[in-house]
Amino acid sequence: MVFLLHGEDPFRTRLRVGELVESLLAGGTGEPGDLSQRRSPQLGGALGLTRIDARSDPVDAITMAGQSQGLFAAVDERQVVLVEHAEALTGAEFLASFPGESALVLVAVEALRAGRGRTRARAKVGVTAELALPDAVQDIGGRAQRIERLLPFEVKGWIGARARLHQVTFQPDAMDALAFALGPDTERIENEVQKLGAYASGAPVSAADVRALVSGAIESDIFELTKAVVRRNHREAVPLLERLLAEGNAPQQILALLLWQFRVLLFASTAPSGADAERQAKAIRSSPGAILRYVQHARGLSRSDIARAYETLYATDISIKTGRADSDEAALLLCVLDLCGVAGADLRDLLLTEAPRRG
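Residues numbered from 1 in each chain as written. Predicted model: local features only at pLDDT ≥ 70, side-chain atom pairs only at ≥ 80, totals over all residues. Heavy atoms only, no water.

Participant: Which residues make up the overall build of the chain, and what are the values?
Facilitator: Tallying secondary structure elements over the chain gives 16 helices and 5 strands in all. A sequence separation of at least 24 residues applies to 66% of the contacts in the chain between residues at least 6 apart. Looking at the chain as shown, the accessible area adds up to about 18200 Å², and 51% of this sits on carbon and sulfur atoms. (Helix = DSSP H or I, 4+ residues; strand = E, 2+ residues; numbered from the N terminus. Contact = heavy atoms within 4.5 Å. Areas by Shrake-Rupley, 256 points an atom, 1.4 Å probe, with all protein chains shown as cover.)

Shown next as structure tokens:
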């Protein structure tokens with residue numbers, strides 16, 4: 001039995017490894033279950049398991065581990081060989097000599113490309129394991145499973161499941177804030193859920209707790225401000241801005257995040273596909289998930305709307321830096337009102353006047 005696990009989500013891959021190894025050691029077939037309900041695996045002392053690191057151990061050690069039997073092992077005990085960092089393997093020839101009575105689990109910490117089609121012919125003349133390994137596993141009747149990152153609509157469900165597993169309660173707005181701050185990063189979700197649970201000490205985790213303890217959580221509040229601005233709802237946007245300022249967030253920080261979010265809205269307004277979102281995300285050093293999250297909020301926004309918002313944000317930045325506005329907070333308030341379409345709040349007019357003399 002040969003299994004290959006690879007993908008773009010290291011934490012969920014580790015959960016699947018633990019599930020698979022436990023099943024195989026117990027005589028099972030390794031069928032996948034609900035990973036969101038599994039605890040982090042503890043495989044250090046598992047009997048019948050041999051762990052090999054493909055970065056440092058020779059390839060021959062894989063076959064030898066499958067053939068060897070533990071000194072005190074039962075005659076019918078299944079041997080499980082776990083090969084970590086399988087992306088470092090330079091060939092797949094060892095699969096043909098691996099004993100059928102043992103189980104082999106290959107784990108790669110990144111997504112491996114298959115070598116079907118035109119690249120299949122290249123695999124015969126020494127192409128790298130990255131191209132050939134998934135095909136080689138399937139060719140001998142093994143199972144290759146690619147574990148993708150969570151989709152945006154799956155993040156809150158995953159957080160809720162991990163919170164229940166660790167007996168942590170989240171208020172709804174806290175769940176929204178954490179999902180926005182962390183996105184599909186399941187490793188960080190696991191750490192932050194446990195940290196927030198310890199901090200709350202049995203009480204429900206609030207959005208204020210998330211903002212205080214989780215790096216990047218302020219972006220969730222800015223996102224709410226951006227949504228209010230896009231809807232031109234100044235009655236909602238102004239209280240949000242006042243709360244952000246009251247919590248000690250600097251006007252320049254809020255302005256920078258607003259600018260970044262309008263940059264994402266610019267890309268999201270094109271309703272990109274998954275591949276397009278990935279290319280766009282690289283251009284602004286973001287993630288495809290962030291762009292796809294904004295698509296529904298960008299509907300109805302034209303490029304001229306976003307260009308006008310850029311002008312307002314630029315005028316606000318200049319007004320703050322040159323001291324044309326009464327205060328940084330006043331400049332930011334006028335910016336938000338202007339973005340909401342309130343008449344008489346156009347900061348661009350200030351740029352036509354001479355900057356006040358300082359000192």
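Now that the structure has been shown, we can carry on.
Participant: Can you lay out unusual backbone geometry for me, pointing to particular residues and giving the numbers?
Facilitator: Phi at H85 is positive, roughly 55°, even though this residue is not glycine. Relative to the elements of secondary structure, H85 occurs in the loop between β3 (80–84) and α3 (94–97). The backbone of Q167 shows a phi angle near 55°, a positive value even though the residue is not glycine. Residue position: Q167 is located in the loop between α6 (155–165) and α7 (172–182).

Participant: Can you break down the sheet that holds strand β2 (residues 49–53) residue by residue, with the values?
Facilitator: Within the open sheet, the 5 strands sit side by side as β2-β3-β4-β1-β5. Their pairing is parallel. The strands lining the two open edges of the sheet, one partner per strand, are β2 and β5 (143–147). Along the sheet, successive strands turn relative to each other by an average axial angle of 15°, direction set aside. Running over the sheet, helix α1 (residues 10–25) touches β1 (2–7), β2, β3, β4 (103–107) and β5 and is turned about 165° from β1. (Pairing = 2+ DSSP bridges. Axes fitted to C-alpha atoms, helices over the stretch in contact; angles between N-to-C directions.)

Participant: Give a description of the side chain of S36 that names residues and reports values.
Facilitator: Its place among the elements puts S36 in the loop between α1 and β2. One polar contact links S36 to D34, side chain to side chain, over a distance of 2.7 Å. Among all residues touching S36, those that are not within four sequence positions of it are W158, A161, R162 and L165. (Polar contact = N/O pair within 3.5 Å; in protein donor to acceptor, adjacent residues only side chain to side chain.)

Participant: Could you give an account of the packing of aromatic side chains, naming the residues involved and the relevant values?
Facilitator: Within this structure, the stated rule accounts for 1 aromatic pair. Pairing F180 with F223 gives two aromatic rings, centres 4.6 Å apart and planes at 20°, and the pair type is stacked. Taken as a pair, F180 in helix α7 and F223 in helix α10 (residues 218–230) lie far apart in primary sequence, 43 residues in all. Side by side, F180 and F223 carry an identical accessibility label, which is buried. A cation over a ring is seen here: R12 above W158, with NZ or CZ 5.6 Å from the ring centre. (Phe/Tyr/Trp six-rings, centres within 6.5 Å; stacked < 30°, edge-to-face > 60°. Buried < 20%, exposed > 50% of the residue type's maximum accessible area, 1.4 Å probe, protein only. Lys NZ or Arg CZ within 6 Å of the ring centre and 35° of its normal.)

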